[in-house]
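Here is what each chain is made of, one letter per residue.
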Amino acid sequence: MTVSNLVVRYGGYSDTGKKQCNQDAFAVLSPSKTVELQHKGVIACIADGVSCSDRSYIASQLSVINFIEDYLATATTLSVKEAASLVLNTLNLWLFHYGQQASLPQDAPLTALSVVIIKSNTAHIFHIGDCRVYLWREQHCYCLTNDHRRRHHDGQHYLTRALGADSQLHVDYQAIPLDVGDKFVMTTDGIHDEINVVQCIEQTFSINTVSPQLSTQSRREYLEQQAQQLVTDAHLCGSQDNASCVIVEIDVLPVLALSEALIKEGAKIIPQSLKAGQRIDQFVICRVLDAGCRSYIYLAQSDDDKKLYVLKMPSQNMISDSSYLHCFMREGWLGQQCQLTGMMKIFNHNMNSAFLYHVCEFVDGLTLRQWIIDNPHPPLATVRMIVTDIVTIVRTLQRQGIYHADIKPENILVCENLSVTFIDFGSAWVNGYQELKPATIDYYPQGDLNYLAPECYAGGQPSILSEQFSLGVMIYEMLTGSLPYQRLSSHSQAPVAMKMNYTAISSYRQDLPRWLEMNVKKMCHPHAQYRYQALSELINGLKTPPSSSPLLSRPLIERDPLLLWQLISAVLLLVVVLLLFSS
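All of these numbers come straight from a predicted model, not from anything done at the bench. (Residues numbered from 1 in each chain as written. Predicted model: local features only at pLDDT ≥ 70, side-chain atom pairs only at ≥ 80, totals over all residues. Heavy atoms only, no water.)

1. Looking at the packing of helix α2 (residues 56–73) against helix α3 (residues 80–100)
And then number 1: It is at 10 Å that the axes of α2 and α3 come closest, and there the two elements cross at 140°. Crossing angle aside, the handedness with which α2 passes α3 is right-handed. Where α2 approaches α3, its residues Ala59, Leu62, Ser63, Asn66, Phe67, Asp70 and Tyr71 are matched on the opposing element by Val80, Ala83, Ala84, Val87, Leu88, Leu91, Trp94 and Leu95.
And then number 2: Broken down by class, the residue content of the contact of α2 with α3 amounts to 12 nonpolar, 2 polar and 1 charged. (Axes fitted to C-alpha atoms, helices over the stretch in contact; angles between N-to-C directions. Helix = DSSP H or I, 4+ residues; strand = E, 2+ residues; numbered from the N terminus. Left-handed = near helix turned anticlockwise from the far one by under 90°. Contact = heavy atoms within 4.5 Å. Nonpolar A, V, L, I, M, F, W, Y, C, P; charged D, E, K, R; others polar.)

In structure tokens:
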């Protein structure tokens with residue numbers, strides 16, 4: 001999968017000012033290990049020791065260092081909020097008990113602390129005291145935190161919350177969705193008490209932008225210079241206090257995590273049905289490709305690059321179907337992450353759109369369903385060529401831990417050169433990401449009853465064997481134009497393996513080799529254990545006859561259990577009849 005990593009640039013500066021001791025402290029850590037970066041994110045802390053305490057510099061330094069170390073040591077199964085809250089409460093209790101043992105009140109270690117944790121596409125902000133966190137986005141600056149302090153009649157400020165001040169800690173928390181180019185500016189009161197930080201940031205950042213060609217070290221130095229400029233401005237305006245500033249810039253964001261994508265996409269509007277000539281965002285509708293009860297599909301041209309794209313939108317009929325909408329949003333998220341050959345690409349052109357729809361690549365071809373209609377009784381060699389390409393894609397997906405779970409002719413496009421492309425991944429099962437799905441959403445098989453393996457409806461998860469069943473049914477249909485088992489509608493009861501009766505290929509076509517019958521039947525056998533154990537065997541099964549007849553060598557109870565019980569019942573009936581006449 002092509003998943004970009006989070007890239008964050010940062011720089012900071014602190015100055016003692018006219019005081020003898022610097023009671024401010026800051027630290028930023030961007031983990032070098034990819035696993036830590038993905039599970040824990042980038043951590044930035046700034047602390048300002050309370051001036052009335054002689055040991056507040058200890059509290060500020062311990063807070064930023066210990067928070068980062070202890071946060072990284074928390075279990076990866078915890079959310080950011082849970083992990084950070086656990087660490088903050090532990091730090092607070094330690095500082096509080098240390099202060100309780102101090103001989104004098106001014107020896108109690110107290111500090112204000114603000115933390116920004118950037119994980120995936122979200123910034124998590126934790127705030128206690130009177131440090132501040134600002135966000136600079138799209139040429140504007142916003143203050144994200146509120147000062148926890150009260151002005152006394154003598155003109156002095158007194159903190160109402162601080163780390164170590166009480167055994168019970170109350171922390172302000174918020175989560176901010178991120179955009180590339182966002183900057184977080186963290187300051188202590190030595191800066192924002194003297195200057196208008198919002199105005200200074202807007203002026204500084206609007207004029208001075210970091211060139212993307214600069215090296216990592218140069219960009220860090222540039223951000224440090226900007227932080228130093230804010231500190232200098234505060235001292236020039238008369239600040240007597242310690243002054244510290246940290247700037248964190250978002251350079252590259254990874255693809256949205258599933259939970260983030262569901263939240264962001266879930267807030268969007270399902271568009272009304274469109275006609276040729278109408279517009280949505282930067283796209284002009286060229287024609288309607290499909291208008292079903294579940295979704296609308298359009299061919300559209302983009303104003304940006306004049307290329308053709310396919311737009312897929314949920315139908316208004318599905319507006320209250322949360323299960324379908326979840327699958328639709330998951331399909332878009334998966335398509336943006338998996339740029340695999342043979343899988344239709346989904347782009348993030350509409351990332352900031354108010355509407356819920358997918359922007360997909362345009363593949364010039366027919367659905368396999370239309371190809372089957374246009375090519376009744378095709379040559380076996382042609383079917384082999386198409387199936388080989390399909391199996392290659394299925395095996396590629398399998399290596400990525402992905403099972404399509406809805407393989408059928410409608411979900412495969414065939415180009416003029418007989419190459420194929422898979423579409424519609426709304427039902428896909430992804431091993432790694434299935435663990436990350438919301439706990440309230442259970443997996444239910446969404447595939448077509450005529451192609452979905454019986455074990456999936458019995459509670460089994462999609463696997464390479466269930467994918468093989470779908471392929472076997474589809475191969476049978478490509479050769480004959482019919483299904484190997486009784487056709488089912490969407491309202492039919494789920495099939496039971498023991499009651500599925502196979503129709504021989506020879507019933508439709510006498511020109512195919514007889515050995516092909518046995519191999520195709522094995523591919524779509526109702527019982528998973530009797531199918532091929534590898535897809536390479538499936539391809540060979542379309543080319544060569546079996547070396548033996550394993551189906552015939554097995555006992556009748558395995559080959560046809562229904563026939564066995566019918567024979568046993570007939571024998572028992574005959575015995576009962578004979579006993580009646582003999583008596």
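2. Focus: the nonpolar core
And then number 1: Membership of the largest hydrophobic core comes to 60 residues, with the highest contact counts inside it found for Leu334, Leu368, Val387, Ile390, Phe422, Leu471 and Leu538.
And then number 2: Sorting elements by how many residues they give to this core places helix α13 (residues 464–480) first, with 10 residues.
And then number 3: A domain-level breakdown of this core finds at least three residues from each of domain 2 (259–361) and domain 3 (369–548).
And then number 4: Not counting residues up to four positions away in its chain, the partners in contact with isoleucine 390 are Leu368, Ile412, Val420, Phe422, Leu471 and Met474.
And then number 5: One finds Val42, Ile125, Cys131 and Leu253 within the second-largest nonpolar core, a separate group that totals 25 residues. (Core = buried A, V, L, I, M, F, W, Y, C linked by side-chain atoms within 4.5 Å. Buried < 20%, exposed > 50% of the residue type's maximum accessible area, 1.4 Å probe, protein only. Domains from an automatic or database assignment.)

3. Regarding the sheet that holds strand β3 (residues 42–49)
And then number 1: Here 5 strands make up an open sheet; going across it, the order is β2-β3-β4-β5-β10 and the pairing antiparallel. Taken across any chain shown, the strands that pair with only one partner, and hence form the sheet edges, are β2 (24–29) and β10 (172–177). The mean inter-strand angle of the sheet, taken between neighbouring strand axes irrespective of direction, is 10°.
And then number 2: Sitting on the sheet, α2 is in contact with β2, β3 and β4 (111–119), with an inclination near 165° to β3.
And then number 3: Running at roughly 25° to strand β5 (residues 122–128), α3 makes contact with β4, β5 and β10 of the sheet. (Pairing = 2+ DSSP bridges.)

4. Looking at the UniProt feature "transmembrane region" (unreviewed entry) in the protein
And then number 1: As recorded in UniProt, the sites labelled "transmembrane region" (unreviewed entry) are residues 562–581.
And then number 2: Helix and strand shares over residues 562–581 are 100% and 0% respectively, and the end C-alpha atoms of the span are 29 Å apart. (UniProt positions renumbered as here; feature names shortened; annotations may be inferred.)

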